[in-house]
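Below are the chains, spelled out letter by letter.
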Amino acid sequence: MDQIDKAKRVQDLIGGINNVANRNCEDCQKEVSDIRYMQCNRQNDYLEKELDQISKGNSLLSGLTAAPVRANSIIKPACMRVSMEARFGASSKTFRECSANGSSRQAFRPCISENYFKLINNSFDLVSSCMKDFIAPGQGVENQKLDVRAVYALINVESGFHVNAMSGTGAGGIGQFTSPAIQDVNTNELRDVRISLEGNQNQQCNQLSMQFLDSMEPIRPQKSLSCDRISLRNGNPVKNMIYTFAYLKGVKKDLDTMIFANKNYRNKFKLSEFDLNKVKRALMVWSHNTGPAGTWTPVKALLNSFYRNRSVTDADQFINQVQQYMQKFPASANKSSARRKETSHYFPSITNTLNTIEKNAGGGSCVN
């Protein structure tokens, strides 16, 4: 009974912070009831014992694992299921299993069991609900949900929403964090994240900060400590999700300083608020791969040449031109032919992946 009561409290609190109307959605309920989970085997069941132990505990992570899946979560559970089943970004990654001493070894993709799916789905719903105001302060509900959709789309390509995805370069976890990105968040963003979460009126958001940022150590940037990025014992996937939102907020601030609030460029954008946010969202997502300088360098080149004596009036055209200018005028770290190709195709690839997921999940947007 304690477990049922705990799960119900978490479920009620997650629902209470979602801006989505509490409407009667028969199709949504059916999508949740139709979700099917994997039959685990000896090759992919290595998270199951730990997940079972977590589900019986008293932490927020335990509640997220035990709580049922909400039909009206910000991102439709059917889309999350397609994300985890497919191998968009994770196909080029290995998966790692962490031992008790912090070392890791290569593993198969983890079994998408009911506990695993609920942990991933409920964690992203809670983190995005709590941090949508942080990443898009002052924005309306629709723009905030579109920012969450953009983060969801990015994670699809980065990890396929698998907690223990690991690239050959050591980038790890849901958001595929590298050592420099972790250090950037630890140095520049965690203080503001704590203030935002602990100042939120909902106690679940307060608990995100207190349990994952205060009670636990921050993620350590050393590549040799890569289990910090992927291990359930270190609060993942929740902690890695928090870091993903935090890093993207920092990227937004950098782009505002260099482009959108810069006196040389701010008046060039003659766009509606919706379209301007569309451009900002695209550049934010792009910067997760390129780094902020890897995005603002070609954007400045574009604004200083093609738009030298004209205004930006078409958001889609501008985004397509940014892709071309990443090939022509890359930042110094992205000048190799391989990096030019990777960076220029990164955002279009994410867009194409999202379109495929939404089609495979029944059509329409993945946002409720």
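Within each chain, residue numbers correspond to sequence positions counted from 1 in written order. Reporting in this predicted model follows two pLDDT cut-offs: at least 70 for local features of residues, and 80 or more for side-chain atom pairs to be given and counted; totals over whole chains, interfaces and linings ignore these cut-offs and use all residues. Only hydrogens and water are removed before side-chain values are computed, so all heavy atoms of the structure are retained for them.

Draft legend 1. Up close: the sheet that holds strand E2 (residues 104–107). One requirement defines pairing of two strands: DSSP has to find at least two bridges between them. Numbering of helices and strands runs from the N terminus; a helix is a DSSP stretch of H or I covering at least four residues, while a strand is a stretch of E covering at least two. Here three strands make up an open sheet; going across it, the order is E2-E1-E3 and the pairing antiparallel. Of all the strands in the sheet, the pair left with one neighbour each is E2 and strand E3 (165–166). In this structure, strand E1 (residues 94–98) lies alongside E2, joined through four bridges in antiparallel fashion. Within the sheet, the bridge partner assigned to phenylalanine 95 lies in E2 and is alanine 107.

Draft legend 2. Geometry of the packing of helix H12 (residues 238–260) against helix H13 (residues 273–290). Angles shown run from 0 to 180 degrees and are taken between the N-to-C directions of axes, each axis being a line fitted to C-alpha atoms and, for helices, limited to the stretch in contact. In the contact formed by H12 and H13, the axes pass within 9 Å of each other and the chain directions differ by 120°. Considered as vectors, H12 and H13 are oriented oblique to each other. Both H12 and H13 take part in a crossing whose hand is right-handed. Contact residues: H12 offers Tyr247, Leu248, Val251, Lys252, Leu255, Asp256 and Phe260, while H13 offers Leu276, Val279, Lys280, Leu283, Met284, Ser287 and His288. The residue makeup of the contact of H12 with H13, split by class, is nine nonpolar, two polar and three charged. When an angle is under 35 degrees it counts as roughly parallel; over 145 it counts as roughly antiparallel; between 65 and 115 it counts as roughly perpendicular; any other value is oblique. Here a crossing is called left-handed whenever its near helix is offset anticlockwise from the far helix by less than a right angle, and right-handed whenever the offset is clockwise. The contact rule is simple, with two residues in contact once any of their heavy atoms fall within 4.5 Å. Lys, Arg, Asp and Glu make up the charged group, whereas Ala, Val, Leu, Ile, Met, Phe, Trp, Tyr, Cys and Pro make up the nonpolar group; the residues left over, Gly among them, are polar.

Draft legend 3. Representation of the confidence of the model for the protein chain within the structure. Mean pLDDT for the protein chain: 89, with 89% of residues reaching 70 or above. Ranking the elements of the protein chain by mean pLDDT puts helix H1 (residues 2–16) last with 48 and helix H15 (residues 315–328) first with 98. For every residue, the predictor assigns a confidence score, pLDDT, that lies between 0 and 100. Within the model, pLDDT remains below 50 along residues 12–24, and this stretch shows 31 contacts once partners closer than five positions in the same chain are excluded.

Draft legend 4. The arrangement of the state of the cysteines in detail. Cysteine sulfurs are considered disulfide-paired once they come within 2.5 Å of each other. Here the structure, examined in full by the defined rule, presents four disulfides. In this model, cysteine 79 is linked to cysteine 366 through a disulfide, with the two sulfur atoms separated by 2.0 Å. An S-S torsion of about -95° defines the bridge between cysteine 79 and cysteine 366 as left-handed. Of this pair, cysteine 79 sits in helix H5 (residues 77–85) while cysteine 366 sits in the segment after helix H16 (337–360), placing them 287 residues apart in sequence. Neither cysteine 79 nor cysteine 366 differs from the other in exposure class; each is buried. Remark: exposure states derive from per-residue accessible area (1.4 Å probe, protein chains only) relative to the maximum for the residue type, with buried under 20%, exposed over 50%, and partly exposed in between.

Draft legend 5. View of the nonpolar core. In this structure, Phe124, Tyr152, Leu208 and Phe318 are the most contacted members of the largest nonpolar core, which totals 99 residues. Broken down by element, the residue count for this core peaks at twelve residues, all from H12. Beyond its immediate sequence surroundings of up to four residues, phenylalanine 124 is in contact with Ile75, Met80, Val148, Val151, Tyr152, Ile155, Phe161, Met241 and Phe245. Among buried residues, the Ala, Val, Leu, Ile, Met, Phe, Trp, Tyr and Cys ones that are joined through side-chain atoms within 4.5 Å form a nonpolar core.

Draft legend 6. Inspection of the pattern of salt bridges at higher detail. Any carboxyl oxygen of Asp or Glu within 4 Å of a side-chain nitrogen of Lys or Arg constitutes a salt bridge here. By the definition in use, this model includes 19 salt bridges. The residue lysine 56 makes a salt bridge to aspartate 52 at a minimum N-O spacing of 3.1 Å. Its relative accessible area of 54% is what places lysine 56 among the exposed residues. Accessibility expressed as a relative area gives 32% for aspartate 52, which makes it partly exposed. Here the salt bridges do not stand alone but share partners, grouping Glu189, Arg191, Asp192 and Lys253 into one network.

Draft legend 7. Region of interest: the layout of surface pockets. Volume-wise, the second largest pocket comes out at about 470 Å³. What lines the second largest pocket is a set of 19 residues, among which Arg149, Lys278, Arg281, Phe347 and Thr351 lie closest to the centre. Put simply, the parts of the chain that give the lining of the second largest pocket at least two residues each are helix H7 (141–159), H13, H15 and H16. Considering every element that reaches the lining of the second largest pocket, the biggest residue donor is H16, with six residues. In terms of residue class, the lining of the second largest pocket is made up of eleven nonpolar, four polar and four charged. The pocket and cavity definitions rest on a 1 Å grid over protein atoms only: a 1.4 Å probe that fits but cannot leave marks a cavity, an open set with protein on both sides within 12 Å along at least five of seven lines marks a pocket, and residues lining either have an atom within 4 Å of a point. Grid points are joined across faces, edges and corners, and a volume is the space filled by probe spheres set on the points.

Draft legend 8. The packing of aromatic side chains, seen in detail. Pairing of aromatic rings covers Phe, Tyr and Trp, the last through its six-membered ring, and needs centres within 6.5 Å; plane angles under 30 degrees mean stacked, over 60 mean edge-to-face, and all others mean tilted. Throughout the structure, instances matching the rule amount to twelve aromatic pairs. Seen from their ring centres, phenylalanine 177 and tyrosine 247 are 6.2 Å apart, and the 85° between their planes marks the pair as edge-to-face. Here tyrosine 247 lies in helix H12 and phenylalanine 177 lies in the loop between E3 and helix H8 (179–188), a separation of 70 residues in the sequence. The class for phenylalanine 177 is buried, based on a relative accessible area of 1%. Here the aromatic rings of phenylalanine 306 and tyrosine 307 are separated by 4.8 Å at their centres, their planes lie at 75°, and the arrangement is edge-to-face. In this structure tyrosine 307 comes out as buried when scored by relative accessible area, which is 2%. Every member of this aromatic cluster is reached through a ring pair, and the members are Phe260, Phe269, Phe306, Tyr307 and Phe318. Geometrically, a charge over a ring is one whose NZ (Lys) or CZ (Arg) sits within 6 Å of the ring centre while staying within 35 degrees of the ring normal. Lysine 249 extends its terminal NZ or CZ atom over the ring of phenylalanine 134, reaching a point 4.3 Å from the ring centre. Between arginine 310 and the ring centre of phenylalanine 306, over which it is positioned, the NZ or CZ distance is 4.0 Å.

Draft legend 9. Representation of the side chain of serine 83 within the structure. Its place among the elements puts serine 83 in helix H5. Note on serine 83: relative accessible area 0%, which makes it buried. Here the side chain of serine 83 touches tyrosine 152 through a polar contact of 2.7 Å, side chain to side chain. In contact with serine 83, not counting residues within four places along its chain, are Tyr152, Asn156, Gly160, Phe161 and Ile357. Within 3.5 Å is the distance limit for a polar contact, defined as a pair of N or O atoms, with the added protein rule that one can donate a hydrogen and the other accept it, and that residues adjacent in sequence qualify only through two side-chain atoms.

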